[in-house]
Amino acid sequence: MLQRLRDIVKDDQKKISEAETLIDHNTAKLNVQSKRLKHNAYNVSNCWIYLMLIVVIMTFISLTVFMRMFRKRTTTITYSNKDSKSSLLSNSINQTTINNTNITTTKSTDYISLLLNYANENHTDL
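Residues numbered from 1 in each chain as written. Predicted model: local features only at pLDDT ≥ 70, side-chain atom pairs only at ≥ 80, totals over all residues. Heavy atoms only, no water.

Novice: I'm lost on the UniProt feature "transmembrane region" (unreviewed entry) in the protein chain in this one. Help?
Specialist: The feature "transmembrane region" (unreviewed entry), as annotated in UniProt, sits at residues 48–67 in this numbering. As a span, residues 48–67 carries 100% helix and 0% strand, and end to end its C-alpha atoms are 28 Å apart. (UniProt positions renumbered as here; feature names shortened; annotations may be inferred. Helix = DSSP H or I, 4+ residues; strand = E, 2+ residues; numbered from the N terminus.)

Novice: I would appreciate a short explanation of the environment of Asn46 in the present structure.
Specialist: By the element assignment, Asn46 lies in helix H2 (residues 45–69). Once you skip the residues sitting within four places of it in the chain, Asn46 turns out to touch Asn40 and Ala41. (Contact = heavy atoms within 4.5 Å.)

Novice: What is the right way to read the packing of aromatic side chains from this model?
Specialist: The description of two aromatic rings rests on the distance between their centres and on the angle between their planes. Taken as a whole, this structure holds 1 aromatic pair when the rule is applied. Consider the rings of Phe66 and Phe70, whose centres lie 5.0 Å apart with planes at 50 degrees: the pair is tilted. Accessibility expressed as a relative area gives 49% for Phe66, which makes it partly exposed. Judged by relative accessible area, which is 54%, Phe70 ranks as exposed. (Phe/Tyr/Trp six-rings, centres within 6.5 Å; stacked < 30°, edge-to-face > 60°. Buried < 20%, exposed > 50% of the residue type's maximum accessible area, 1.4 Å probe, protein only.)

Novice: Quick question: what am I supposed to make of a nonpolar patch on the surface here?
Specialist: On the surface, a nonpolar cluster with roughly 1100 Å² of combined accessible area is contributed by Ile54, Ile57, Met58, Phe60, Ile61, Val65, Phe66, Met67, Met69 and Phe70. With respect to the helices and strands, Val65 occurs in helix H2. You can call Val65 partly exposed: its relative accessible area is 43%. (Patch = residues over 30% accessible without salt bridge, like charges linked within 9 Å, V, L, I, M, F, W, Y side chains within 5 Å. Areas by Shrake-Rupley, 256 points an atom, 1.4 Å probe, with all protein chains shown as cover. Salt bridge = Lys/Arg side-chain N within 4 Å of Asp/Glu carboxyl O.)

Novice: Before we go on, may I ask you to explain the confidence of the model for the protein chain in this structure?
Specialist: Any region with low pLDDT has predicted coordinates that should not be read closely. The predicted model of the protein chain has a mean per-residue pLDDT of 76, with 65% of residues at 70 or higher. When mean pLDDT is compared element by element in the protein chain, helix H1 (residues 2–41) scores highest at 92, while helix H3 (residues 88–101) scores lowest at 47. In the model, residues 84–103 has pLDDT below 50 throughout and makes 17 contacts with residues more than four positions away in sequence or in other chains. (pLDDT = per-residue confidence, 0-100.)

Take a look at the structure:
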């Protein structure tokens, strides 16, 4: 029984010494890799990455400003009934005044005004 315990302790001591050599070997490799990483971290190629990021951000900002400055113009037609006479002559006069005076150009590009403009131009109901 005593011999068996000695063998177990010897095996454990061998495993501990092997683990210590592995630890020493791995720490040496880790030091080499950390030095390599420090060298590569401040390499010139990182400058190009930052330069490209700046170019992309500046392009995005310039596109946004350009889209804000030059919006798509839509025409809005508003109808107003001045009087409700049923003669053809007064209706045609009212329509010509509507077409000549109440057409305004706005910079609105929202979806609802686009649909309303389409309905007004094609004389349809939504």
